[in-house]
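# Architecture and fold: a report
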Amino acid sequence: MNKTPVTATSRTRQTPGLFFLLSAAITGYVFYRYSEGWLRSLLLSLSRSTWARRMVTSFGPAWRVASRFIAGESVEEAIAVAGQLNAKGLKVALDYLGESVTQAEEANAARDQILLLLDRIHESGVDAYVSVKLSQLGVKIAENLALENLRALLTRARSYGLRVRIDMEESALVDTTFDIYRRLRHGEGFDNVGVVIQAYLYRSEEDVRWLIEEGAWVRLVKGAYKEPPTVAYARKADTDAAFIRLAEQLLSEQARSRGVHLAVATHDDAMIRAVQRYAKMHHIPQDAYEFQLLYGIRRERQEQLASQGYCVRIYVPYGTAWYPYFMRRLAERPANLWFFVTNFFRA
Ligand SMILES: Cc1cc2nc3c(=O)[nH]c(=O)nc-3n(C[C@H](O)[C@H](O)[C@H](O)COP(=O)(O)OP(=O)(O)OC[C@H]3O[C@@H](n4cnc5c(N)ncnc54)[C@H](O)[C@@H]3O)c2cc1C
């Protein structure tokens, strides 16, 4: 074999190349390790920014990307998508997009749109319930306004045998959300209302304890908002561990015997498998809980779970106020951001 001897001169010539490779590897690692956190944080901040909203929503092709996650702008488009999903064996939660309204008229207009949605669900016969945000119903203007609007929705929904779930928003609203939920659920006897628990919040362990006590209808999520480390886990591993812990508590014999019904809302296979394992080990029937995923995310997995006999519900948002919802989806997954950027330049 013809080996070139490594001399002092050739070693010196290799040094810049090696140095470059090493630097590139270190930069690549640092970017890989830390950029997701920065990106997530940046996108979540932008989701609340008015100038960014104006910029993105006035750029035509942005809708093309957003529409991957949003059923359309009208109630009829949403009902049509719900029907298509039902035909594949998937149940639906419909969400009329909107949040953090600042005028009572906007809150009342949102309530009216959701009343119309309930009418259309009833008339069309699609298998769907409704998800709402209290900040869309005016909670940031006055708690009572949101309470009254939600009461109107629950009354109409009850007359049709439908349910309404209150989505959970940023941590500053959690106490108020539970307070309004309790007043309507326990004070006024609306048994068609449910809530959401965010695994990243430290307080959720305690909240789950009383929700079990009360036999609540609960959706468990990891949590989608930008929260400080004083209230929420910063590391994904800690949130994941909390998610599994809380899911097990909400699926326990004690919880089920009190009437708790759990919706496990995640796209994360590790979470899905952990719940399946726990359920199998404790002989929990498949209809005692359900999996929920967002419209447009992991479509093949949605259908696969349904074909394995699990109850699967797809959260389907629609409406014109899609910007903050869309930004939170980008923040969750850099691949989604890449898809957005490539479409931006293709436009
Ligand atoms: C039905 C539903 C309702 C929700 N309601 C609320 C709410 O009321 N309040 C709230 O704060 N949050 C809500 N969320 C959002 C939630 O808090 C999370 O931000 C969101 O679900 C992302 O977390 P994840 O569990 O999917 O896992 P992540 O930690 O984001 O992802 C983990 C893994 O899942 C897989 N994955 C994730 N996304 C994709 C994708 N697009 N394609 C392929 N694989 C993917 C990947 O393997 C990824 O590594 C809801 C989510 C769902 C599904």
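Located above this text is the structure these notes cover.
Residues numbered from 1 in each chain as written. Predicted model: local features only at pLDDT ≥ 70, side-chain atom pairs only at ≥ 80, totals over all residues. Heavy atoms only, no water.

## Some thoughts on the environment of Ala288
The topology assignment puts Ala288 in the loop between α11 (269–281) and β7 (289–294). The class for Ala288 is buried, based on a relative accessible area of 14%. Sequence-distant contacts of Ala288, defined by excluding residues within four places in its chain, comprise Arg256, His261 and Leu262. (Helix = DSSP H or I, 4+ residues; strand = E, 2+ residues; numbered from the N terminus. Buried < 20%, exposed > 50% of the residue type's maximum accessible area, 1.4 Å probe, protein only. Contact = heavy atoms within 4.5 Å.)

## Regarding the site of the ligand
Looking at the ligand, there are 24 residues lining it, with Met168, Lys222, Gly223, Thr266 and Glu332 nearest. Between the ligand and the protein, one listed contact pairs an oxygen atom with a side-chain N or O atom of Lys222 at 2.7 Å. Taking Thr266, its side chain carries an N or O atom lying 2.6 Å from an oxygen atom of the ligand. Protein contact buries 83% of the 950 Å² of open area that the ligand shows by itself. Residue assignment for the shell around the ligand shows that the elements contributing at least two residues are β4 (193–198), β5 (217–221), β7 and α13 (323–332). (Near = heavy atom within 4 Å. Polar contact = N/O pair within 3.5 Å; in protein donor to acceptor, adjacent residues only side chain to side chain. Areas by Shrake-Rupley, 256 points an atom, 1.4 Å probe, with all protein chains shown as cover.)

## A look at the pairing of strand β8 (residues 312–318)
Most of β8 sits out of view: seven of its seven residues are buried. Residues of β8 alternate between two faces, with Val312, Ile314, Val316 and Tyr318 on one and Arg313, Tyr315 and Pro317 on the opposite face, all of them buried. Two elements, strand β1 (residues 91–96) and β8, share six bridges in a ladder whose sense is parallel. By the bridge assignment for β8, Tyr96 is matched with Tyr318. The pairing of β7 with β8 spans four bridges and is classified as parallel. (Pairing = 2+ DSSP bridges.)

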